[in-house]
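Residue-level structure breakdown
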Amino acid sequence: MKSYRKELYFSTRTRRAFINITPQVEECLRESGIKEGLLLCNAMHITSSVFINDDESGLHSDFERFLEKLAPEKPYDQYAHNGYEDNADAHLKRTIMGREVVVAVTNGRLDFGPWEQIFYGEFDGKRSKRVLVKIIGE
Ligand code: ZN
């Protein structure tokens, strides 16, 4: 069995952002040489997410509004976590959007359903953060 590991780095200029990272993940798969197996992709921070959905800007605005309704950023003092930090909302948003995705690798390609793309969801950005890609198989 082959095994491959790589860390990707993302630094957003805004506090929140959604980035389609499918091209970088596909590059990892090419680099690994693995044709049949499983690919895991996870955020390595507790205030960002990796998730799969549609690359459609209206939907991304809807995610932003949905998350702000459930866990609004402000006022900061509504959260017990916000003593030394102001990112309680980011922890909650991350929990809603998830930590990782697993994608089947078939014939050397990501075995997606229709319109599936992999996104990095940033909820407390403006600094460098990591995403792990781990692939196992043959
Ligand atoms: Zn925090």
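In this report, we go over the structure that sits alongside the text. (Residues numbered from 1 in each chain as written. Predicted model: local features only at pLDDT ≥ 70, side-chain atom pairs only at ≥ 80, totals over all residues. Heavy atoms only, no water.)

Concerning helix α2 (residues 57-70)
Across its 14 residues, α2 extends 20 Å between first and last C-alpha, which sits within 8% of the 20 Å expected from 1.5 Å per residue. Within the span of α2, buried status applies to H60, F63 and L67. Taken end-on, α2 shows its buried residues confined to a sector of 50°, consistent with a single buried face. Relative to its buried face, α2 has exposed residues pointing more than 90 degrees away, namely R65 and K69. Each element contacted by the buried residues of α2 is listed here: β2 (17-20), β4 (48-53), α3 (88-97) and β7 (117-122). Between the side-chain oxygen of the N-cap and the backbone nitrogen of G58 there are 3.0 Å, and the N-cap of α2 in question is E56. (Helix = DSSP H or I, 4+ residues; strand = E, 2+ residues; numbered from the N terminus. Expected span 1.5 Å × (residues − 1). Buried < 20%, exposed > 50% of the residue type's maximum accessible area, 1.4 Å probe, protein only. Arc of directions from axis to C-beta. Contact = heavy atoms within 4.5 Å. Polar contact = N/O pair within 3.5 Å; in protein donor to acceptor, adjacent residues only side chain to side chain.)

With respect to the packing of aromatic side chains
One pass over the full model with this rule turns up six aromatic pairs. A ring pair is formed by F18 and F63, whose centres lie 5.9 Å apart and whose planes are at 65°; its orientation type is edge-to-face. You can see F18 sitting in strand β2 and its partner F63 sitting in helix α2, a full 45 residues away along the chain. The buried category is assigned to F63, whose relative accessible area is 14%. With a centroid separation of 5.7 Å and 75° between ring planes, the pair formed by F51 and F63 is classed as edge-to-face. Placement of F51 in strand β4 and of F63 in helix α2 is noted, with a sequence separation of twelve residues between them. Its relative accessible area of 6% is what places F51 among the buried residues. Linked through ring pairs, F18, F51, F63, F119 and F123 together constitute an aromatic cluster. (Phe/Tyr/Trp six-rings, centres within 6.5 Å; stacked < 30°, edge-to-face > 60°.)

Re a nonpolar patch on the surface
Taken together, the side chains of M1, L38, V102 and I136 make up a nonpolar region of the molecular surface, amounting to roughly 410 Å² of accessible area. Among the structural elements, V102 can be located in strand β5 (residues 100-106). (Patch = residues over 30% accessible without salt bridge, like charges linked within 9 Å, V, L, I, M, F, W, Y side chains within 5 Å. Areas by Shrake-Rupley, 256 points an atom, 1.4 Å probe, with all protein chains shown as cover. Salt bridge = Lys/Arg side-chain N within 4 Å of Asp/Glu carboxyl O.)

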